[in-house]
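A structural walkthrough
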Amino acid sequence: MRLRRRIKSQRRAAAMEQSPPQDPGRQLQSAPLEPLGHPAAGLEAAVSEDAEDTRKEGPGDGTMTENNFSLKKIEISVSEAEKRTGRNAMNMQETYTAYLIETRSVENIDGQSVLTDSLWRRYSEFELLRNYLLVYYPHIVVPPLPEKRAEFVWHKLSADNMDPDFVERRRIGLENFLLRVSSHPILCRDKIFYLFLTQEGNWKETVNETGFQLKADSRLKALNATFRVKNPDKRFTDLKHYSDELQSIISHLLRVRARVADRLYGVYKVHGNYGRVFSEWSAIEKEMGDGLQSAGHHMDVYASSIDDILEDEEHYADQLKEYLFYTEALRAVCRKHELMQYDLEMAAQDLASKKQQCEELATGTVRTFSLKGMTTKLFGQETPEQREARIKVLEEQISEGEQYLKSKNLEGREFLKNAWADIERFKEQKNHDLKEALISYAVMQISMCKKGIQVWTNAKECFSKM
């Protein structure tokens, strides 16, 4: 498919780009709280600016250098799917599908040829890889996986996840996922992703040792931040609304396509009745028999062609579904931004509270309805020594709070810069892919209509020869 060839060429080009150096002047001044929604100028830099500066925490060095690994030197494919039976974590018998991942060298390394490598992975292992990427790269719109169970299917299509046609479409989707990750200038350098392609045994243990599950943000915490953040970034708010609307539009489009497919299938199959009737009619005619028999044959061919047509349509539907699932990846980036903004606001609020307490102790002024005021009324004034000790503790806490707030501001700015750069990359990719998919779908519909015209043209010629 053209889309897969384009992704492969993107992957090679992205991996060969040289990343420009980071701007050392981009520093946060010791100033009051700054909203995350107002980054410094030049935010819309190329994503490759951060290709050399990926995540700084994790299991050892999370990136692979050019000396030991580069995805530009290999091609990735999911070449085969196989039905298997085994036991799950509960020691119960289960049937699942395993997928064969093949990596092949397209260059010689140090003058030596590298042979094709292959290993088998389950869908759940793809899920584990993506969950890991979501945690360690929260600023990236992580490519989605294909659906685990069929959705938006027309009635003649099986919704069974073991159906051979569905397994084949999911195999293509899993390959596209790997190509998306390998074409990303940051994700392609991740060590866990490299091991996913090359280390069959103990890969799950290696991922779990990173402790990424402990770093994942809880849904309750994210929901709390969504409702309690005071200064949300309008751009991220608009992006979240856009992702919701895009999800709704693509869902409706897929439902319409499924309804059209149902009706189209019926229309084409009804043409088979023409073939049967013309064939029966030809049996009782002498002069007209050959023409009717030939016309009936054309009708039969027309009726049977719908199966291949709708099978091709499913591949275009899968491309739309990919961007349906991409909308959740966009919302994940927005949720992470909201969490960071909420933590920043809470840190600023806590710092302001401590500064106020310190000022009250230093000046001797106590607010009537404050906790300190109530304590004073109940237990009397503190001694000067006690007050000085408390002031010293508060000053230390204020100093720590200022450093924490500064680090949060720096973290927020870095997240915003990286996230928005990747969002711009995603938008360009989305516009190109959806334009290509819709044009190809329109061309397919035109071709289908031309075939219908040709069938009736042939039938007309058969009738004319009678």
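Here the structure is a predicted model, which means the values were calculated and not measured. (Residues numbered from 1 in each chain as written. Predicted model: local features only at pLDDT ≥ 70, side-chain atom pairs only at ≥ 80, totals over all residues. Heavy atoms only, no water.)

**Focus on the overall build of the protein**
Helices and strands together make up the secondary structure of the protein, namely twelve helices and three strands. Counting every position in the protein, which comprises 466 residues, the buried fraction comes to 44%. In the protein, of all internal contacts separated by at least 6 residues, the share reaching a separation of at least 24 is 79%. For the protein, the computed accessible surface area is about 25600 Å², with 53% contributed by carbon and sulfur atoms. (Helix = DSSP H or I, 4+ residues; strand = E, 2+ residues; numbered from the N terminus. Buried < 20%, exposed > 50% of the residue type's maximum accessible area, 1.4 Å probe, protein only. Contact = heavy atoms within 4.5 Å. Areas by Shrake-Rupley, 256 points an atom, 1.4 Å probe, with all protein chains shown as cover.)

**Some words on the confidence of the model for the protein**
In the predicted model, the protein carries a mean pLDDT of 78, and 73% of its residues have values of at least 70. Mean pLDDT values for the elements of the protein range from 50 in helix 1 (residues 2-16) up to 94 in helix 2 (residues 123-136). Here residues 14-61 scores under 50 on pLDDT; set against residues more than four positions off or in separate chains, the count is 87 contacts. Taken as a whole, residues 65-69 scores under 50 in pLDDT and shows eight contacts with residues more than four places along the chain or in a different chain. (pLDDT = per-residue confidence, 0-100.)

**Focus on the pattern of salt bridges**
According to the stated counting rule, one finds 26 salt bridges in the structure shown. In this structure, the salt-bridge partner of Arg235 is Asp233, at a minimum N-O distance of 4.0 Å. Residue classification places Arg235 among the partly exposed positions, given a relative accessible area of 25%. When the shortest N-O distance is used, the salt bridge between Arg335 and Glu328 registers 2.8 Å. A relative accessible area of 32% means that Glu328 is categorised as partly exposed. What emerges from the salt-bridge pattern is a single network uniting Asp244, Glu328, Arg331 and Arg335. (Salt bridge = Lys/Arg side-chain N within 4 Å of Asp/Glu carboxyl O.)

**Some points on unusual backbone geometry**
Within the chain, Asn202 stands out as a residue other than glycine whose phi angle is a positive 65°. Topologically, Asn202 is positioned in the loop between helix 4 (191-198) and helix 5 (203-209).

**Quick look at helix 4**
For an α-helix the count is 3.6 residues per turn, leaving residues at separations of three or four pointing the same way. Within helix 4, burial applies to Ile192, Phe193, Leu195, Phe196 and Leu197. Considering only its buried residues, helix 4 is in contact with strand 1 (74-87), strand 2 (93-105), strand 3 (117-122), helix 2, helix 3 (164-183) and helix 5. Capping the start of helix 4 is the job of one residue whose side-chain oxygen sits 2.8 Å from the backbone nitrogen of Ile192: Asp190. (Polar contact = N/O pair within 3.5 Å; in protein donor to acceptor, adjacent residues only side chain to side chain.)

**Some details on the packing of helix 2 against helix 3**
Two elements in contact, helix 2 and helix 3, have axes separated by 12 Å at closest approach and are oriented at 30°. Overall, the two elements helix 2 and helix 3 adopt an arrangement that is roughly parallel. For the pair helix 2 and helix 3, the crossing hand works out as left-handed. Across the interface between the two elements, Tyr123, Phe126, Leu129, Arg130 and Leu133 of helix 2 pack against Arg170, Leu174, Phe177, Leu178 and Val181 of helix 3. (Axes fitted to C-alpha atoms, helices over the stretch in contact; angles between N-to-C directions. Parallel < 35°, antiparallel > 145°, perpendicular 65-115°, else oblique. Left-handed = near helix turned anticlockwise from the far one by under 90°.)

**A look at the packing of aromatic side chains**
The geometry of two aromatic rings is summed up by the distance between their centres and the angle between their planes. Enumeration over the complete set of coordinates arrives at 14 aromatic pairs. Look at Tyr132 and Tyr136: their rings are 5.0 Å apart centre to centre, the planes differ by 50°, and that puts the pair in the tilted class. One end of the pair, Tyr132, and the other, Tyr136, are both in helix 2, four residues apart, so they sit about a helical turn from each other. Here Tyr132 and Tyr136 have matching classes, each one buried. On the basis of an interplanar angle of 75° and a centroid distance of 5.7 Å, the ring pair of Phe278 and Phe463 is categorised as edge-to-face. Note that Phe278 is positioned in helix 8 (residues 234-282) and Phe463 in helix 12 (residues 384-464), a separation of 185 residues in sequence. Owing to a relative accessible area of 28%, Phe463 belongs among the partly exposed residues under this scheme. A network of ring pairs unites the aromatic residues Phe126, Phe177, Phe196 and Trp203 as a single cluster. The ring of Phe196 has Arg121 lying over it, and the distance from NZ or CZ to the ring centre is 4.8 Å. Above the ring of Trp420, the side-chain terminus of Arg235 is found at 4.7 Å from the ring centroid. (Phe/Tyr/Trp six-rings, centres within 6.5 Å; stacked < 30°, edge-to-face > 60°. Lys NZ or Arg CZ within 6 Å of the ring centre and 35° of its normal.)

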